[in-house]
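# Results of the structural survey
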Amino acid sequence: MDPTRTLRDHRIMVRIVAALLAASVLCTASMALAANACRPTRDGKDRIDPAGGCPSGYFMRGACCESFNTMSQPSAAVKTCPAGTVANLGACVAKK
């Protein structure tokens, strides 16, 4: 067995594994970027990824489906909680 041939085969395998790893990382990164591309607008309109088309109440804008109406904002009214609980970030939680 020729040691130079074995070394050359090893280098080829290392390059193949490195190329597969790089392709995997790039594919995962591009899918993650695409999944987060459609975010709500500054004026409160919902934006979602189109799945074959936009659902009713949405229209195509760029690569996203944008709602015709603004999203309803949570009430700013003070929420009263039952005894033994306190309001924390808009929900009632048990007192510590």
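The structure we're discussing is the one just above.
Residues numbered from 1 in each chain as written. Predicted model: local features only at pLDDT ≥ 70, side-chain atom pairs only at ≥ 80, totals over all residues. Heavy atoms only, no water.

Right, let's get into the side chain of Lys 45. By the secondary structure assignment, Lys 45 is in strand β1 (residues 45-48). In this structure, Lys 45 is buried with no salt-bridge partner, the nearest side chain bearing the opposite charge being Glu 66 at 4.3 Å. Beyond its immediate stretch of four places on either side in the chain, Lys 45 contacts Pro 40, Glu 66, Ser 67, Phe 68, Asn 69 and Thr 70. (Helix = DSSP H or I, 4+ residues; strand = E, 2+ residues; numbered from the N terminus. Buried < 20%, exposed > 50% of the residue type's maximum accessible area, 1.4 Å probe, protein only. Lys, Arg positive; Asp, Glu negative; His and termini not counted. Salt bridge = Lys/Arg side-chain N within 4 Å of Asp/Glu carboxyl O. Contact = heavy atoms within 4.5 Å.)

Strand order across the open sheet formed by three strands is β1-β3-β2, with antiparallel pairing between neighbours. Two strands lie at the open edges of the sheet, namely β1 and β2 (58-61), each paired on one side alone. Across the sheet, the mean angle separating the axes of adjacent strands is 35 degrees when strand polarity is ignored. (Pairing = 2+ DSSP bridges. Axes fitted to C-alpha atoms, helices over the stretch in contact; angles between N-to-C directions.)

Here the structure, examined in full by the defined rule, presents three disulfides. Paired by a disulfide, Cys 38 and Cys 64 hold their sulfur atoms 2.0 Å apart. Disulfide Cys 38-Cys 64: torsion about the S-S bond near -90 degrees, hence left-handed. Here Cys 38, found in the loop between α1 (3-35) and β1, pairs with Cys 64, found in strand β3 (residues 64-70); they are 26 residues apart in sequence, far enough to count as distant. By relative accessible area, which is 3% here, Cys 64 ends up buried. Covalent S-S linkage joins Cys 81 and Cys 92, the inter-sulfur distance amounting to 2.2 Å. Where Cys 81 bonds to Cys 92 through sulfur, the torsion about that S-S bond is close to -85 degrees, and the disulfide is left-handed. In this pair, Cys 81 sits in the loop between β3 and β4 (85-88) while Cys 92 sits in strand β5 (residues 91-94), placing the two residues eleven residues apart along the sequence. (Disulfide = S-S within 2.5 Å.)

Spatial relationships are all this shows, so hold off on functional conclusions.
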